[in-house]
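# A structural walkthrough
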Amino acid sequence: MFDGVDVLLECSKDLMKQTNTQTKEVNKKIKTDLRPDPRSPSYFILSEEERLLNGFFIEKEHPDFVSTTEFKKNQDQNINHLLAIDCEMCTTTEGLELTRISVVDDNLEVVYDSYVKPSNEILNYNTRWSGITEDILQNVTKTLPEVIEELKNIICSDTILIGHSLENDLNALKLVHSSVIDTSILYPHPRGGRYKHALKFLALKFLQRTVQENTHDSIEDAKTAMALAKLKFENGPAFGLGNKANSVSLFSVLGSHGIAASIVDVPSFYQGRDLGGASVFSSLADSHIEELVIKEILKPNVKFVWTQFHGLESRYRSEWDFSGNETQNRPKDRDSQPLIDDSMGSMFKLWDESINKIYKQSPRNTFFIIFSGHGNLLRTKREDCSLEEMYKLVERERRSFALFALKDE
């Protein structure tokens, strides 16, 4: 919500000026940065803050986790300086558990590959995403602790580990490691925040290689992550940034004009973004979000407020797991129901009431931009969904609209 259309016009003029100088600023930063040579792997190791923002464990926060600082070297070990790893997971009664780990070196040679027997009962093999089936794991006896012991022969605390969304792999391994490079961060999504490019997309765009065509294979994914990282090392930090190197955050533009802004959203939205000095308020409950937004709107100095309602998203996540499979909370006849059922209609009614309250509290000349967002894209990932069905579901779930209004009362 903007307090005045003039804010939009003023900022849009400056936006063009700033975007024309971003590439030069990126290159200048590269030259003046105190980190190692920009073409060495060490330059791209995530800082502790970056690891925290992206879901990596920094310290042993759980008794089952192991830190590589505890790995002791001996003369018989073949320790590698640079390795890429990828893991496959299944869903068990205790959540996601490791079923396969593959490790490749910087020559794309496989140095370790093993299937792993989960500790708990398997509920879903996630075959479409993991390539793991019941037959594959039938005679597997190796456990996670045994895998960790074997990894000690090739990994130490100084080893640089590479992966795509690597926090998921390390969490599946219950491993804490500080020297990490993540290709989902090396090649950032232009929308920033929680958005990340898929490995399949990056492989096709930068390596001209098709991966994950029918299913996922951890060796193929580890090799792809290593190849993408090496490409970045060879071409420097600005490589692969695309429009991101030539773009600027709206919050940054507002901040540069001395325009106070407020963000009311979940941390995954604003983490990793250039906020330009905007005030941040974290909340997931829609009723609390409404209160916070009204509070910020009533502040005379605040001229822009961003927010999202998350009630419907929370409901979707309660009905479908990350693979698009049903949970016990999902009504069995949901697909045959209209896009908006009675319970969803009640939620929309609450949103309508919240928006009206915010509108009434807003000062005259406030400009509203309201996006409906997309539907439940999680359901498009179902294992029993054919390609044709998936296209139809995506088309259905992506239906959305935008509303623009200027309060002139």
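The structure reproduced in this document is the subject of the present report. Throughout this document, residue positions are counted from 1 along each chain, in the order its sequence is written. At least 70 in pLDDT is required for a residue's local features to be given in this predicted model, at least 80 for side-chain atom pairs to be given and counted, and no such filter applies to totals for whole chains, interfaces and linings, which use all residues. Hydrogen atoms and water are omitted, and side-chain values are computed over all heavy atoms in the structure.

### Remarks on unusual backbone geometry
Despite not being glycine, Leu108 shows a phi value in the positive range, around 65°. One non-glycine residue with positive phi stands out, namely Asn126, at about 50°. Put simply, DSSP marks the helices as runs of H or I at least four residues long and the strands as runs of E at least two long, and each gets a number from the N terminus on. Inspection of the secondary structure assignment puts Asn126 in the loop between strand 6 (122–124) and helix 4 (127–130). Classification of Asn126 by relative accessible area gives buried; the value is 1%. Accessibility here uses a 1.4 Å probe with only protein chains present; expressed as a share of the type maximum, an area under 20% marks a residue as buried, one over 50% as exposed, and anything in between as partly exposed.

### Brief notes about the environment of Val176
Tracing the backbone shows Val176 in strand 8 (residues 175–176). Take Val176: its relative accessible area is 5%, and that puts it in the buried class.

### So, the packing of helix 9 (residues 199–206) against helix 10 (residues 218–235)
The contact between helix 9 and helix 10 brings their axes to 10 Å, and the two run at 50°. It follows from the interaxial angle that helix 9 and helix 10 lie oblique. In this structure, the crossing between helix 9 and helix 10 has a hand that is left-handed. Note on element contacts: helix 10 touches helix 9 through Asp221, Thr224, Ala225, Leu228 and Leu231, opposite Leu199, Leu202, Ala203 and Phe206. Classes in brief: Ala, Val, Leu, Ile, Met, Phe, Trp, Tyr, Cys and Pro nonpolar; Asp, Glu, Lys and Arg charged; the others, Gly included, polar. For the contact of helix 9 with helix 10, the per-class residue count stands at seven nonpolar, one polar and one charged. Where helices are involved, their axes are fitted lines through C-alpha atoms of the stretch in contact, as for all axes, and angles between N-to-C directions lie from 0 to 180°. Roughly parallel here means an angle under 35 degrees, roughly antiparallel means over 145, roughly perpendicular means 65 to 115, and every remaining angle is called oblique. Crossing handedness is read from the near helix: turned anticlockwise from the far helix by less than a right angle, it gives a left-handed crossing, and turned clockwise, a right-handed one. Contact definition: two residues touch when any of their heavy atoms are within 4.5 Å.

### Thoughts on the side chain of Ser184
Take Ser184: it is sitting in helix 8 (residues 183–186). Owing to a relative accessible area of 3%, Ser184 belongs among the buried residues under this scheme. Side-chain polar atoms of Ser184 contact the side chain of Asp182, separated by 2.7 Å. Sequence-distant contacts of Ser184, defined by excluding residues within four places in its chain, comprise His164, Ser165 and Lys196. As used in this structure description, the phrase polar contact means that two N or O atoms lie within 3.5 Å; if the pair is within protein, one of them must be able to donate a hydrogen and the other to accept it, and residues adjacent in sequence are counted only when both atoms belong to side chains.

### Let's talk about empty space enclosed by the protein
It is a probe the size of a water molecule, rolled over the atoms, that shows where empty space is left. Here a cavity denotes a set of grid points, spaced 1 Å apart and computed over the protein atoms alone, in which a 1.4 Å probe fits but from which it cannot get out, and a pocket denotes an open set meeting protein on both sides within 12 Å along at least five of seven lines; residues with an atom within 4 Å of a point are reported as lining. Grid points are joined across faces, edges and corners, and a volume is the space filled by probe spheres set on the points. This model, assessed by the stated rule, comprises one cavity of 30 Å³ or more. Roughly 40 Å³ of internal volume is contained in the largest cavity. The wall of the largest cavity is formed by Phe56, Phe57, Glu167, Leu170, Asn171, Leu175, Val176 and His177. Only helix 7 (166–173) and strand 8 provide two or more residues apiece to the lining of the largest cavity. Examining the composition of the lining of the largest cavity, we find that three residues originate from one element, helix 7, more than from any other. Its residues assigned to classes, the lining of the largest cavity shows five nonpolar, two polar and one charged.

### Focus: the pattern of salt bridges
Whenever a carboxyl oxygen of Asp or Glu lies within 4 Å of a side-chain nitrogen of Lys or Arg, that contact is scored as a salt bridge. Following the criterion strictly, the structure yields seven salt bridges and no others. Across the pair Glu150 and Lys142 runs a salt bridge whose closest N-O atoms are separated by 3.0 Å. Owing to a relative accessible area of 28%, Glu150 belongs among the partly exposed residues under this scheme. Residue classification places Lys142 among the partly exposed positions, given a relative accessible area of 24%.

### Quick look at the layout of surface pockets
The calculated volume of the second largest pocket comes to roughly 420 Å³. Contributing elements (two or more residues each) for the lining of the second largest pocket: strand 4 (95–105), helix 6 (144–151) and helix 7. Considering only residue class, the lining of the second largest pocket consists of 11 nonpolar, four polar and five charged.

### What about the packing of aromatic side chains?
By convention here, two paired aromatic rings are described through the distance between centres and the angle between planes. Note on aromatic contacts: the rings of Phe and Tyr and the six-membered ring of Trp form a pair at centre separations within 6.5 Å, being stacked when their planes are under 30 degrees apart, edge-to-face when over 60 apart, and tilted otherwise. Counting across every chain of the model gives 11 aromatic pairs. Aromatic pair Tyr359 and Phe368: ring centres 5.4 Å apart, planes at 40°, arrangement tilted. Judged by relative accessible area, Tyr359 falls into the partly exposed class, the value being 22%. Judged by its relative accessible area of 4%, Phe368 is buried. Members of the aromatic cluster, joined through ring pairs, are Tyr43, Phe44 and Phe233. Cation placement over rings: the criterion is NZ of Lys or CZ of Arg within 6 Å of the ring centroid and within 35° of the ring normal. Geometry around Tyr187 places Lys232 over its ring, the cationic atom sitting 5.2 Å from the centre. Here the basic side chain of Lys407 rests over the ring of Tyr359, its NZ or CZ set 5.1 Å away from the ring centre.

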